[in-house]
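Breakdown of the fold
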Amino acid sequence: MSGAAGCQGGGGDRGPRWRRPWKLLALGLLSASSVLAAAPGAGAMSKEEKRRLGNQVLEMFNHAYSNYMEHAYPADELMPLTCRGRVRGQEPSRGDVDDALGKFSLTLIDTLDTLVVLNKTKEFEEAVKKVIKDVNLDNDIVVSVFETNIRVLGGLLGGHSVAIMLKEKGEYMQWYNGELLHMAKELGYKLLPAFNTTSGLPYPRVNLKFGVRHPEARTGTETDTCTACAGTLILEFAALSRFTGTSIFEEYARKALDFIWEKRQRSSNLVGVTINIHTGDWVRKDSGVGAGIDSYYEYLLKAYVLLGDDSFLERFNTHYDAIMRYISQPPLLLDVHIHKPMLNARTWMDSLLAFFPGLQVLKGDIRPAIETHEMLYQVIKKHNFLPEAFTTDFRVHWAQHPLRPEFAESTYFLYKATGDPYYLEVGKTLIENLNKYARVPCGFAAMKDVRTGSHEDRMDSFFLAEMFKYLYLLFADKEDMIFDIEDYIFTTEAHLLPLWLSTTNQTISKKNTTTEYTELDDSNFDWTCPNTQILFPNDPMFAQSIREPLKNVVDKSCPRGISRVEESLGSGPKPPLRARDFMASNPEHLEILKKMGVSLIHLKDGRVQLVQHAVQAASSLDAEDGLRFMQEMIELSSQQQKEQQLPPRAVQIVSHPFFGRVVLTAGPAQFGMDLSKHKAGTRGFVATIKPYNGCSEITNPEAVKEKIALMQRGQCMFAEKARNIQKAGAIGGIVIDDNEGSSSDTAPLFQMAGDGKNTDDITIPMLFLFNKEGNIILDAIREYEAVEVLLSDKAKDRATIFKGKMIPNYIIDSNLEMENMDQKLSENDSHKQNSEEATSASQDVGAVSAEPEGGENSDVTDPDSLAPAHADSDSVSISNQDSYVPGTDEASAPEPACTQGDHQPQEQKLETESNSKVNWDNKVQPMESILADWNEDIEAFEMMEKDEL
């Protein structure tokens, strides 16, 4: 949503004065600058500082634009986190958001006139050539009529407007012959089939190639559209008609506006959010100035400005009176019911209403514009960005922020109206926040959650089309511009349309029929744009006097949370517990969870469940912190599902009397030596370290050097253990689970992650064994002292294990026995192999774990260290009342619990304790008994040799 560029107005009577061409109206916005710029105590920004900030905006634009051109073009949008283009159909669907994408290089078209505003005329000329050469508008793709109109049609018309301006100046674009206008006309005809309804309201979507009702169109079944979707067409369609002399576009857009006006609620003069395109019935009967309605009001006022039709102004004034009567509750703007306008429809506001102060500036109603803008600024100062929605007490309702420009737009117009340097400081804050929190190496990334600072792989085209345009204009002086911005009006996408269109190709009757228009006795209607001589006759501090009572409105309703700087310096109140910092072994953390209404339940398999009951929280603030904590946990779990998944590894006992016949399934690590790239694996004798948890410097390095260290899980991160044993000279490490009785038979396999830091310094292999499997090695140590193992990506046959070494005689004897039994076994081999496969398929590769900090019986660790091998995100649910994160791995961020049926099957997994008749559960079983049972284990051993783990 955007405001008008050349806004000029003056005090006086209405009536005939409205009929004069817009350019003839008396005082411009820019004249306001002289009124307040030198005001005493106003804290005027120096010219050098303004120029520095203007140059900073240019650098930010270059960063975003160049990355789009380098990594994304000709795709519609840039994905700044992955440094690639977003092509519809090649990325997971985002629902209605993707309707803006039409495989027509959206961002480049949307940015055309921004290049000229920022004095990048050479880049503009190159961009126009690319659009003409590369862009195809005849794609078999369904797009939003609204988004395609304001972004693509508006972008082409804005580009054409500045192209002919540059051509007239004689230096650039001398070759230009209206190619962008021809493309705009082609696109206009492709949008017209959407208007084929009895009401004249367009379908919300259209197929660029097949229209609406064609069998291959895949659209045309919709019955509803939003008011803004149908009412935000008149500027672009009328401009297309005026530029080309083809009246049909303006006619269709006027008919849609006329129908909405006729269907307004007559007693309140308000319109709803959603309307049936066939019957005209209101589907959603709530009314506001935000999403779904916003630009409908904007285009009524601007249609009067551009086209000179009084009826548009009359309609706007009627609606504006209703807005100020019912919706405006300074400094708030709250939705109401159109039939019961004294009744609020909701207790939260969406960020799109941030355009409204700018529209009020054009209307001339400055006081409420200043009030609402100041309220929004206080919300931004609390959260760094404006959340997509926030409550009446200024808490986050929807936490996303897709880098919307509406607040920057209103800031620009308030500065032009008041000349108050305060708004330059507001703009400076916007620049700093964008650079500090949204800037990434490949552009600027939308905020997924303004509370946590997490990013979304998204940079919408409107960011380049609007944000940088308004920020640059805010700090630019008239001499910085290569053309007069006052000669143009901004569309809702901030595209430039020349005001001279009002007197060109007037093929439509200028006067619409506005029924039931009532003359309103409202002094606000004495001007349409702020006349600073009337608004601020002898009070240059007028704007500041309005802002002053509101400067603490947000903090009073919603105490400001600790800033990132305060948190890092350790000053200010203690910040709420973040999911990434949570440790289940930390008593203080558990107490904080209790205050937030979050319960922690330990499961038998070492995982934990987190459940939130908001009603059990100590306060509403604690309940909100708890909800945020649970949402962060779910987000971490979702991110962890995308982590690299590693297959299970093998620990083979190769020393006497095992000689490779005992293979233990081990969990891999996401750091250290990659055993899949070292086929020989790592072989060595095992040694138990001191301290056994491995969380501090090893005190028996002489026993560990050149050996594979055994340690217990718990009390610190896996990576910390690895660094400590590596420093002591170990050649590898095995972490044994401290949960008594845990086994890979019954629990999902763990995958050890790092500690959130760079783990390139860890070069030794690390594997994880459950308690049952770990005890096999510990029992062997007690029985035989010297136990040698092989750490590898899969079990090795004896020829590989003993290559170049003396093979014990009885191993050879065993080979002879097995050869004699081959014929006997061959008859049953196929059947038994299938049976083994079925058994092994039931074994599961489960969740991944990171090592916890805390006490001896620590069950949960830093979530940043965890990467789940498999989790079902659909099993997670969260609500304002009860938030639930199912069972999580012992060392993980709480994540969706994996049930036995959810796990991915593990190929040919051989467990000695399950596939043989050796009873490893009995820890006191003598090794002689094990040796006596080996003949019964031959069949399973044969399977191990043939198959991969």
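Going along each chain's sequence as written, the residues are numbered from 1 onward. Predicted model: local features are reported for residues with pLDDT of at least 70 only, side-chain atom pairs are reported and counted for 80 or more only, and whole-chain, interface and lining totals are derived from all residues. Where side-chain values are given, they derive from all heavy atoms of the structure, hydrogens and water being excluded.

This next bit is on the overall build of the chain. Looking only at helices and strands, one finds 30 helices and 35 strands in the chain. The cut-offs for exposure are 20% and 50% of the maximum accessible area for each residue type, with area from a 1.4 Å probe on protein chains only; residues under the lower value are buried, those over the upper are exposed, and the others partly exposed. Split into buried and exposed, the 949 residues of the chain put 62% on the buried side. Partitioning the contacts of the chain with sequence separation of at least 6, the portion at a separation of at least 24 is 74%. Here the Shrake-Rupley method, with its probe set to 1.4 Å, supplies the accessible areas, and only the displayed protein chains count as covering residues. Surface summary for the chain: the accessible area is close to 36100 Å², and the carbon and sulfur share equals 49%. Numbering of helices and strands runs from the N terminus, with a helix taken as a DSSP run of H or I at least four residues long and a strand as a DSSP run of E at least two residues long. Whether two residues are in contact is decided by their heavy atoms: any pair within 4.5 Å suffices.

Here, any two strands with at least 2 DSSP bridges between them count as paired. Note that strand β19 (residues 446-449) and strand β20 (residues 454-456) share 3 bridges and pair antiparallel. Pairing of Met447 across the sheet is with His455, part of β20. Once β19 ends, the chain turns through 4 residues before running back antiparallel as β20, passing Gly453 with a positive phi of about 80 degrees.

To pair, rings of Phe, Tyr and Trp, with the six-membered ring standing in for Trp, must have centres within 6.5 Å; the planes then decide the type, stacked if under 30 degrees apart, edge-to-face if over 60, and tilted in the middle. One pass over the structure, following the stated rule, counts 30 aromatic pairs. Ring plane angle 65 degrees and centroid distance 6.3 Å describe the contact between Phe413 and Tyr470, whose orientation is recorded as edge-to-face. Placement of Phe413 in helix α14 (residues 406-418) and of Tyr470 in helix α16 (residues 461-475) is noted, with a sequence separation of 57 residues between them. Taken together, the ring pairs connect Phe61, Tyr65, Phe444, Phe463 and Phe468 into an aromatic cluster. Here, a charge over a ring means that NZ of Lys or CZ of Arg falls within 6 Å of the ring centre while also lying within 35 degrees of the ring normal. Positioned over the ring face of Trp261 is Arg264, at 3.8 Å from the centre of the ring. If you follow Arg346 out to its NZ or CZ, it ends over the ring of Trp348, 3.8 Å from the centre.

Let us look at the sheet that holds strand β28 (residues 708-712). Taken together, 7 strands build an open sheet; the order of strands is β26-β25-β31-β27-β28-β29-β30 and the sheet is mixed. Each of the sheet's edge strands pairs with one partner strand only, and the pair in question is β26 (662-666) and β30 (766-769). The sheet shows a mean angle of 30 degrees between the axes of neighbouring strands, direction not considered. The pairing of strand β25 (residues 649-653) with β26 spans 5 bridges and is antiparallel. Bridge pairing in β26 links Gln652 to Val663. Every axis in this analysis is a line fitted to C-alpha atoms, fitted for helices over the stretch in contact. Angles between the N-to-C directions lie between 0 and 180 degrees.

Next up on the list: helix α10 (residues 294-307). The first and last C-alpha atoms of α10 sit 20 Å apart over 14 residues, in line with the 20 Å expected at 1.5 Å per residue. By the criterion of burial, α10 is predominantly enclosed, with 14 of the 14 residues buried. Looking at the residues trailing α10, positive phi occurs at Gly308, about 70 degrees. Multiplying 1.5 Å by the helix residue count minus one yields the expected span of that helix.

Criterion for a salt bridge: a side-chain nitrogen of Lys or Arg within 4 Å of a carboxyl oxygen of Asp or Glu. Inspection of the entire model under this criterion finds 41 salt bridges. Arg439 is the partner of Glu59 in a salt bridge, and the nearest nitrogen-oxygen pair spans 2.6 Å. Of this pair, Glu59 sits in helix α2 (residues 47-72) while Arg439 sits in strand β17 (residues 439-440), and the two are 380 residues apart along the sequence. Classification of Glu59 as partly exposed rests on a relative accessible area of 36%. Judged by its relative accessible area of 27%, Arg439 is partly exposed. Residues Lys469 and Asp113 are paired through a salt bridge, measuring 2.8 Å at the closest nitrogen-oxygen approach.

Moving on: the packing of helix α4 (residues 121-134) against helix α6 (residues 179-191). With their axes 10 Å apart at the nearest point, α4 and α6 run at an angle of 45 degrees to one another. Judged by the inter-axis angle, α4 sits oblique to α6. Helix-helix and strand crossings are classified by hand; for α4 and α6 the assignment is left-handed. Mapping the contact onto sequence places Val128, Val131 and Ile132 in α4 and Glu179, Leu180 and Met183 in α6. In what follows, roughly perpendicular refers to angles from 65 to 115 degrees, roughly parallel to angles under 35, roughly antiparallel to angles over 145, and oblique to any angle outside these ranges. Put simply, a crossing is left-handed when the front helix is turned counterclockwise from the back one by less than a right angle, and right-handed when it is turned clockwise.

Our focus in this paragraph is the nonpolar core. In these notes, a set of buried Ala, Val, Leu, Ile, Met, Phe, Trp, Tyr and Cys residues joined through side-chain atoms within 4.5 Å is what counts as a nonpolar core. In terms of nonpolar packing, the biggest core is built from 180 residues, with Phe124, Tyr297, Leu434 and Phe444 touching the most fellow members. Per element, the largest residue contribution to this core is 12 residues, and it comes from helix α5 (residues 145-169). Those residues in contact with Tyr297 that sit more than four places away from it in its chain are Leu270, Val271, Ser287, Gly288, Val289, Phe316, His319, Ile323 and Leu359. Grouped together as the second largest cluster of nonpolar side chains are 23 residues, Ala719, Ile762, Ile764 and Phe770 included.

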